[in-house]
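Structure at a glance
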Amino acid sequence: MSAPLSGDLAQIGKSVVIKGELSGSEDLYVDGQVEGSIALKGNGLTIGPNGQVKASVEAKAIIVQGKLEGNVQASDRVELRKSAVVSGDISTARIAIEEGAYLKGKVDIQGRVEKAAGK
Amino acid sequence: MKLFRGSSGPEAALPQVPQKLTRRSSGLGELARLWESETPLCVLDLGSTSAANIRFFTERSHRIYSEDLLVASTEPSLVTKDEDGKVILDSRQFLADNLVYPAAHFDVVLCWNLPDYLDESLVRPVMGRLWSMLKPGGMLLAFFHTKDAGPDSPCFRFHIVGRDTLEMQRIVLKREARRGPTGAVHTAISDGFRLQRVFNNRHIETLFRDFASIKFFLARDNVREVLVVR
């Protein structure tokens, strides 16, 4: 697994269920259930193998190993690991998808769109 | 149409097929001129999620949508019975859960070998939905086995690796994806999806009868490539 973006890392364990809006200024590791929205501008979000997230997600870098249902916006990168199951549109500057990952949705590479628009 | 509804059983020997193959695709070659378009295209890939395909299109500033309909068809809640009591998959429910896009949204749909492996009850409804999702003049690429193919012909995922070149990778299902309907309609076998039928040219023409034009490309590997235009 990639190293977190910074030293601070909050964790949501696999027995935890959260409904509502999650926001913060540190990296977050979700191995439980979250329903609502997650906003971590400038920080990283990792959805662990047991994680089940039903939320719109915004972060600098997003790594998915579990299930994610909702639109994804990453200012830097998105990584879908082989166990990832993602249903939603992804908007990011870079994306990496491991073989075996499942994606149902659109992929929009933001940097390229801006570059193309700026031509 | 040659149907393969029965199962040869888990004990049946599967043909020895390499995990990865490379093949030239005339249909993909025909589409290649579109990829160079300055106008961003809207492309729908109905095969297994492919990083190579996503990279191929996003590098060219096109928008790519990915939706694996074969895996979606293994959803257990789709199993129902028709008026004769025959086990089928609920096409209405399937289309309520999948392929939910505005009309005339896509420039290109990459079907790959979906029609050959999709359950019988879903094939026509899915093709009807794809027609409505394509823009007028939009194109759909599909692959069909020829009559020489057997029921154990392996199902592949397709990665675009060049202008007219595909890498084919044998699909190995995850354990959870195999949970599905019981009986003959179940499309999944122990290590992949099962070929459901072989269409002849007339059946293919009927399947795409609402489209404006159809072009066949015969390949050496018992596959016909079909490019249709709405």
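Note that the structure is a prediction, hence the values are computed from the model and not measured.

Here we look at the overall build of chain B
Looking only at helices and strands, chain B has seven helices and 15 strands in total. Considering chain B as a whole, with its 230 residues, one finds that 40% of them fall into the buried category. Of all intrachain contacts in chain B linking residues separated by at least 6 positions in sequence, the fraction that spans at least 24 positions is 70%.

Concerning the sheet that holds strand β9 (residues 156-162) of chain B
Residues and elements named next belong to chain B. Pairing in this open sheet of three strands is antiparallel, and the strands run β2-β10-β9 from one edge to the other. Here the strands that pair on one side only, and so sit at the sheet edges, are β2 (20-24) and β9. Each strand axis lies, on average, 30 degrees off the axis of its neighbour in the sheet, ignoring direction. Relative to strand β10 (residues 165-170), β9 is paired through six bridges, and the arrangement is antiparallel. Across the sheet, the residue bridging to Phe 156 is Arg 170, located in β10.

Structural notes on the interface of chain A and chain B
With 14 residues of chain A in contact, the opposing surface of chain B contributes 12 residues. Per-element accounting of the side of chain A that touches chain B gives the leading share, eight residues, to strand β10 (residues 102-109) of chain A. A per-class count over the side of chain A that touches chain B returns nine nonpolar, one polar and four charged.

Thoughts on the nonpolar core
The tendency in soluble globular proteins is for nonpolar side chains to be buried as a group. Ile62(A) and Val109(B) are the most contacted members of the largest nonpolar core, which totals 88 residues. A per-element tally of this core places strand β5 (residues 52-64) of chain A first, with eight residues. If sequence neighbours within four positions are ignored, Ile62(A) has contacts with Leu45(A), Val57(A), Val72(A), Ala74(A) and Val78(A).

What to know about helix α1 (residues 26-35) of chain B
Residue and element names in this part refer to chain B. Along α1, the positions that sit buried rather than exposed are Gly 27, Leu 28 and Leu 31. Looking straight down α1, one finds its buried side chains confined to an arc of 85 degrees; they lie on one side. Buried residues belonging to α1 abut β7 (106-112), β8 (134-145), β9, β10, β14 (213-218) and β15 (223-229).

Here's the deal with the pairing of β10(A)
Here strand β8 (residues 85-87) of chain A pairs with β10(A) via three bridges, running parallel. Across the sheet, Val85(A) pairs through a bridge with Tyr102(A), a residue of β10(A). In terms of strand pairing, strand β9 (residues 90-97) of chain A meets β10(A) through three bridges, oriented parallel. Note on β10(A): the bridge partner recorded for Thr92(A) is Ile109(A). Where β10(A) and strand β4 (residues 63-66) of chain B come together, three bridges link them in antiparallel fashion. For Gly105(A), the partnering residue across the bridge sits in β4(B) and is Ser66(B).

Details of helix α6 (residues 120-133) of chain B
All names here are of chain B. For α6, with 14 residues, the first-to-last C-alpha span of 21 Å sits near the 20 Å given by 1.5 Å per residue. Burial in α6 covers these residues: Ser 121, Leu 122, Val 126, Met 127, Leu 130 and Met 133. Contact partners of the buried residues in α6: α3 (69-72), β6 (87-89), α4 (91-97), β7, β8 and α7 (201-207).

With respect to the pairing of strand β3 (residues 27-30) of chain A
Residues and elements named next belong to chain A. Alignment of strand β1 (residues 9-12) against β3, held across four bridges, turns out to be parallel. Its bridge partner being in β3, Ile 12 is matched across the sheet by Val 30. Inspection of the sheet shows β3 paired to strand β4 (residues 33-47) by three bridges, in the parallel sense. Bridge pairing in β4 places Leu 28 opposite Leu 45.

Considering the confidence of the model for chain B
Residue and element names in this part refer to chain B. Averaged over every residue, the pLDDT of chain B is 85; the share at 70 or more is 84%. Confidence scores differ between elements of chain B, with strand β11 (residues 188-189) showing the lowest mean pLDDT of 44 and β7 the highest of 97. Within the model, pLDDT remains below 50 along residues 7-14, and this stretch shows seven contacts once partners closer than five positions in the same chain are excluded. Confidence drops under a pLDDT of 50 for residues 175-190, and excluding neighbours within four residues, the segment shows 35 contacts in the predicted structure. In the predicted complex, the global pTM is 0.84; the interface-specific ipTM is 0.79.

Definitions and limits used
Residues numbered from 1 in each chain as written. Chains lettered and ligands numbered in written order. Predicted model: local features only at pLDDT ≥ 70, side-chain atom pairs only at ≥ 80, totals over all residues. Helix = DSSP H or I, 4+ residues; strand = E, 2+ residues; numbered from the N terminus. Buried ≥ 20, exposed ≤ 12 C-beta atoms within 10 Å, placed from the backbone. Contact = placed C-beta atoms within 7 Å. Pairing = 2+ DSSP bridges. Axes fitted to C-alpha atoms, helices over the stretch in contact; angles between N-to-C directions. Nonpolar A, V, L, I, M, F, W, Y, C, P; charged D, E, K, R; others polar. Core = buried A, V, L, I, M, F, W, Y, C linked by C-beta atoms within 7 Å. Arc of directions from axis to C-beta. Expected span 1.5 Å × (residues − 1). pLDDT = per-residue confidence, 0-100.

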